[in-house]
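Below, each chain spelled out in residue letters.
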Amino acid sequence: MSPIKFQRPKWIPRWLNVPLVLVLAFVITLAFFGDNNYMLTSKYRSKINELKSQIKNNQDSTAIYDAKINELKTDNETLERLVREKYGMKRVNEEVYITDIP
């Protein structure tokens, strides 16, 4: 008996074969379906970049506030000026007049 030879239909291109179709299906499945697909990965990457920029902004503002705290801890004149201006405190036997004139 001679083996039966498979006849390829004419509408299927000659370069198209079963292993190629399986590899393409596997790559497409990995790229667009599942937990680690391309769409989710790109969305997560953009979210990570956004959060990194927020962290940088918060670190910058933290550095500014740390410098202000250090200045208030070390410089008594700055502390006294801030307390007088912001909280309206005064020294003993001192009169303070607050006006609304700019």
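Residues numbered from 1 in each chain as written. Predicted model: local features only at pLDDT ≥ 70, side-chain atom pairs only at ≥ 80, totals over all residues. Heavy atoms only, no water.

Q: Tell me about the overall build of the protein, and name the residues and values.
A: Counting its secondary structure elements, the protein contains 3 helices and 0 strands. Each helix and strand of the protein, placed in order from N terminus to C terminus, yields the pattern α-α-α. For 102 residues, the compact-globule formula gives about 13 Å, and the C-alpha radius of gyration of the protein, at 36 Å, lies well above that figure. Each of the three principal axes of the protein carries a C-alpha extent, and together these read 120 × 30 × 20 Å. Across the 102 residues of the protein, 2% fall into the buried class. With the model as given, the accessible surface of the protein reaches about 10,300 Å², and the carbon-plus-sulfur share is 62%. Here the protein carries 16 positive and 12 negative side-chain charges, and the mean point of each set is 28 Å from the other. (Helix = DSSP H or I, 4+ residues; strand = E, 2+ residues; numbered from the N terminus. Rg over C-alpha atoms; globule rule 2.2 N^0.38 Å. Buried < 20%, exposed > 50% of the residue type's maximum accessible area, 1.4 Å probe, protein only. Areas by Shrake-Rupley, 256 points an atom, 1.4 Å probe, with all protein chains shown as cover. Lys, Arg positive; Asp, Glu negative; His and termini not counted. Charge placed at Lys NZ, Arg CZ, Asp CG, Glu CD.)

Q: Lay out helix 2 (residues 38-74) in plain terms, naming residues and giving numbers.
A: Between its first and last C-alpha, helix 2 extends 54 Å over 37 residues, near the 54 Å set by a 1.5 Å rise per residue. Capping the start of helix 2 is the job of one residue whose side-chain oxygen sits 3.2 Å from the backbone nitrogen of M39: N37. (Expected span 1.5 Å × (residues − 1). Polar contact = N/O pair within 3.5 Å; in protein donor to acceptor, adjacent residues only side chain to side chain.)

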